[in-house]
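Structure at a glance
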Amino acid sequence: MSSKAYDKQDFPVANVRRFLEPGPIVLVSSAYKGETNIMTMGWHMIMEFEPSLVGCYIWSENYSRELVSKSRACVINIPTADMAAKVVGIGNCSGRETDKFAKFGLTAVAASKVAAPMISECFANFECQLHDASLIDKYSLFVWEVVKGHVARSPRYPRTLHYRGDGVFMISGSNTRRYRRLFKPEML
Ligand SMILES: Cc1cc2nc3c(=O)[nH]c(=O)nc-3n(C[C@H](O)[C@H](O)[C@H](O)COP(=O)(O)O)c2cc1C
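Residues numbered from 1 in each chain as written. Predicted model: local features only at pLDDT ≥ 70, side-chain atom pairs only at ≥ 80, totals over all residues. Heavy atoms only, no water.

Here we come to the overall build of the chain. In terms of regular secondary structure, the chain is built from five helices and twelve strands. For the chain, whose C-alpha radius of gyration is 16 Å, the value lies close to the compact-globule estimate of 16 Å for 188 residues. Each principal axis of the C-alpha distribution contributes one length, and for the chain these read about 50 × 40 × 35 Å. Counting every position in the chain, which comprises 188 residues, the buried fraction comes to 47%. A fraction of 64% describes how many contacts in the chain between residues 6 or more apart in sequence connect residues 24 or more apart. Entry remark: accessible area of the chain is about 10,300 Å², with carbon and sulfur atoms responsible for 50%. If the 24 positive side-chain charges of the chain are averaged to one point and the 18 negative ones to another, these points end up 7 Å apart. (Helix = DSSP H or I, 4+ residues; strand = E, 2+ residues; numbered from the N terminus. Rg over C-alpha atoms; globule rule 2.2 N^0.38 Å. Buried < 20%, exposed > 50% of the residue type's maximum accessible area, 1.4 Å probe, protein only. Contact = heavy atoms within 4.5 Å. Areas by Shrake-Rupley, 256 points an atom, 1.4 Å probe, with all protein chains shown as cover. Lys, Arg positive; Asp, Glu negative; His and termini not counted. Charge placed at Lys NZ, Arg CZ, Asp CG, Glu CD.)

This is the structure:
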């Protein structure tokens, strides 16, 4: 189960929506006091561009919830379709009993602004700091500010995983610019 590591460049955090708007399944990595972990996540949404805000549902029973709550930070990593088996495996076990980096053969690399590690084999990594904790108790909704982005230089449009529920993934397919001229410039 080996996946390749990408050569990445800085990415403007205000444009994080280019990757998160189509709703790919992501891996959330976290760290607190020497413990690191990864969880699979489908429930997230773009909330603002500047500052770059992303809302995420993180269930109270997840070990990740403990780590991100205490550290007030995480990294949102974008896996590609070839990582599907790992993505499911990571979502099917808990970091309370398992070192998921070791078990799934993933490489933790230091982030620049948060203690949580980035997953090298993922196409993109977005470093996040907790922006608003007011909806956590009621909705398990963490509002993150993306403070640093790292995105692979190529391909421009990676094949990403999108979960449809009931064990079915959609894998992103072709892209078209055919409708671009119909957009108002401010909506691009
Ligand atoms: C495809 C998929 C999507 C998931 N989406 C979410 C999600 O949006 N929020 C969440 O809290 N858990 C989600 N899960 C479940 C967590 O990934 C799972 O509970 C994980 O094992 C938690 O790990 P932890 O205890 O190490 O934090 C998802 C799992 C899968 C397989």
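Okay, back to it.
On to the pattern of salt bridges, then. Evaluated as defined, the whole model comprises four salt bridges. Between Asp-10 and Lys-148 there is a salt bridge, with the nearest N and O atoms lying 2.9 Å from each other. You can see Asp-10 sitting in strand β1 (residues 8–11) and its partner Lys-148 sitting in strand β10 (residues 141–152), a full 138 residues away along the chain. The partner of Glu-66 in a salt bridge is Arg-96, with the nearest N and O atoms 3.9 Å apart. Taken together, the residues span a long stretch of sequence, with Glu-66 in helix α2 (residues 63–71) and Arg-96 in the loop between α3 (84–91) and α4 (100–103) at a distance of 30 residues. For Glu-66, a relative accessible area of 33% corresponds to the partly exposed category. Look at the salt bridges and you will find they share partners, linking Glu-66, Lys-70 and Arg-96 into a network. (Salt bridge = Lys/Arg side-chain N within 4 Å of Asp/Glu carboxyl O.)

A few words now on a positive patch on the surface. A surface patch of like charges, here positive, comprises Arg-18, Arg-156, Arg-177 and Arg-180. Tracing the sequence through the fold places Arg-156 in the loop between β10 and β11 (161–163). Overall, the relative accessible area of 61% leaves Arg-156 in the exposed class. (Patch = residues over 30% accessible without salt bridge, like charges linked within 9 Å, V, L, I, M, F, W, Y side chains within 5 Å.)

What follows concerns α3. Every buried residue of α3 is listed here: Lys-86, Val-87, Gly-89 and Ile-90. One side of α3 carries all its buried residues, which in axial view fall inside an arc of 165°. Looking at the buried residues of α3, the elements they touch are β2 (26–32), β3 (35–41), α4, β11 and β12 (169–171). (Arc of directions from axis to C-beta.)

Let us now look at the pairing of strand β9 (residues 124–132). As judged from the six bridges shared by strand β6 (residues 73–78) and β9, these two strands associate in the antiparallel manner. By the bridge assignment, Asn-77 is partnered in β9 with Asn-125. Examined bridge by bridge, β9 and β10 share eight bridges and lie antiparallel to one another. Within the sheet, the bridge partner assigned to Gln-129 lies in β10 and is Glu-145. (Pairing = 2+ DSSP bridges.)

Let us now look at the site of the ligand. Residues in close proximity to the ligand total 20 residues, the closest being Asn-37, Ser-64, Cys-93, Ser-94 and Gly-95. Measuring from a nitrogen atom of the ligand, one finds a backbone N or O atom of Gly-42 at 3.0 Å. Ile-90 has a polar backbone atom sitting 3.5 Å from an oxygen atom of the ligand. If the ligand stood free it would expose 650 Å²; the protein chains cover 85% of that surface. Of all the cavities here, the one that holds the ligand is the second largest pocket. Of all elements in the fold, only β3, α2 and α3 reach the threshold of two or more residues within the shell around the ligand. Counting residues per element, the shell around the ligand draws most heavily on β3, which supplies four residues. Here the residues of the shell around the ligand sort into eleven nonpolar, eight polar and one charged. (Near = heavy atom within 4 Å. Polar contact = N/O pair within 3.5 Å; in protein donor to acceptor, adjacent residues only side chain to side chain. 1 Å grid on protein atoms, 1.4 Å probe; cavity = no way out; pocket = protein on both sides within 12 Å on 5 of 7 lines; lining within 4 Å. Sits in = over half its atoms within 2 Å of the grid points. Nonpolar A, V, L, I, M, F, W, Y, C, P; charged D, E, K, R; others polar.)

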